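Here is what each chain is made of, one letter per residue.
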Amino acid sequence: IKETKEALENMNSTLKSLHQQSTQLSSSLTSVKTSLRGSLNDPLCSVRPTSETCNSIRLSLNQLNSNPELRQ
């Protein structure tokens, strides 16, 4: 019983840490997405060939999402 209690306490501590880190990751990704969106508004992003790269980045911004399964 003592080992099970210790294992559960360790798991609880790990889950709390994962939750905190997931929250921090989500915040950081939001900041990066905001910064990228601002950069994509640069006039150079409307001129070829740069516009193709900017459009590709715009399409991939949604991939910068944190894993919602790590949050409570």
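What you are looking at is a predicted structure, and each value in this text was computed from that prediction instead of being measured.

**Re the overall build of the chain**
And then number 1: If you tally the helices and strands in the chain, you get two helices and zero strands.
And then number 2: Here the C-alpha radius of gyration of the chain, 20 Å, is well above what a compact globule of 72 residues would show, namely 11 Å.
And then number 3: Projected onto its principal axes, the C-alpha coordinates of the chain cover approximately 65 × 15 × 15 Å.
And then number 4: Here the chain, with 72 residues, has 14% of them falling under the buried criterion.
And then number 5: Contacts in the chain between residues far apart in sequence, at least 24 positions, make up 67% of those at least 6 positions apart.
And then number 6: Within the structure as shown, the chain displays about 6,000 Å² of accessible surface, and the carbon and sulfur contribution to it stands at 54%.

**Examining the state of the cysteines**
Among covalent bonds in proteins, the disulfide is the one between the sulfur atoms of two cysteines.
And then number 1: Enumeration according to the criterion identifies one disulfide in this entry.
And then number 2: Between the sulfur atoms of Cys-45 and its disulfide mate Cys-54 the distance is 1.9 Å. Across the S-S bond linking Cys-45 and Cys-54, the dihedral sits near -65 degrees, which makes this disulfide left-handed.

**Observations regarding the environment of Asn-62**
And then number 1: Inspection of the secondary structure assignment puts Asn-62 in the segment after helix 2 (50-60).
And then number 2: With 14 residues separating them along the chain, Asn-62 and Arg-48 place their C-alpha atoms 23 Å apart.

**With respect to the pattern of salt bridges**
And then number 1: In total, this model carries two salt bridges according to the counting rule given.
And then number 2: Among the ionic pairs, Lys-5 bridges to Glu-9, the shortest N-O distance being 2.8 Å. Of this pair, Lys-5 and Glu-9 both sit in helix 1 (residues 2-40), four residues apart, which is roughly one turn of that helix.
And then number 3: Among the ionic pairs, Glu-52 bridges to Arg-48, the shortest N-O distance being 2.7 Å.
And then number 4: The class of Glu-52 is partly exposed, set by a relative accessible area of 41%.

**Details of helix 1**
And then number 1: The terminal C-alpha atoms of helix 1, which comprises 39 residues, lie 56 Å apart, in line with the 57 Å expected from a rise of 1.5 Å per residue.
And then number 2: Among the residues of helix 1, Ser-22, Ser-26, Leu-29, Lys-33 and Leu-40 are the ones counted as buried.
And then number 3: Residues of helix 1 that are buried in the fold lie against helix 2.

**Considering a nonpolar patch on the surface**
And then number 1: A cluster of nonpolar side chains, namely Leu-8, Met-11, Leu-15 and Leu-18, defines an oily patch on the protein surface of about 360 Å² accessible area.
And then number 2: Along the chain, the position of Leu-8 falls in helix 1.

**Points about unusual backbone geometry**
And then number 1: At the junction of Arg-48 and Pro-49, the peptide bond is cis and its omega measures out at 0 degrees in the coordinates.
And then number 2: With respect to the helices and strands, the residue Pro-49 is situated in the loop between helix 1 and helix 2.

Calculation rules
- Residues numbered from 1 in each chain as written.
- Predicted model: local features only at pLDDT ≥ 70, side-chain atom pairs only at ≥ 80, totals over all residues.
- Heavy atoms only, no water.
- Helix = DSSP H or I, 4+ residues; strand = E, 2+ residues; numbered from the N terminus.
- Rg over C-alpha atoms; globule rule 2.2 N^0.38 Å.
- Buried < 20%, exposed > 50% of the residue type's maximum accessible area, 1.4 Å probe, protein only.
- Contact = heavy atoms within 4.5 Å.
- Areas by Shrake-Rupley, 256 points an atom, 1.4 Å probe, with all protein chains shown as cover.
- Disulfide = S-S within 2.5 Å.
- Salt bridge = Lys/Arg side-chain N within 4 Å of Asp/Glu carboxyl O.
- Expected span 1.5 Å × (residues − 1).
- Patch = residues over 30% accessible without salt bridge, like charges linked within 9 Å, V, L, I, M, F, W, Y side chains within 5 Å.

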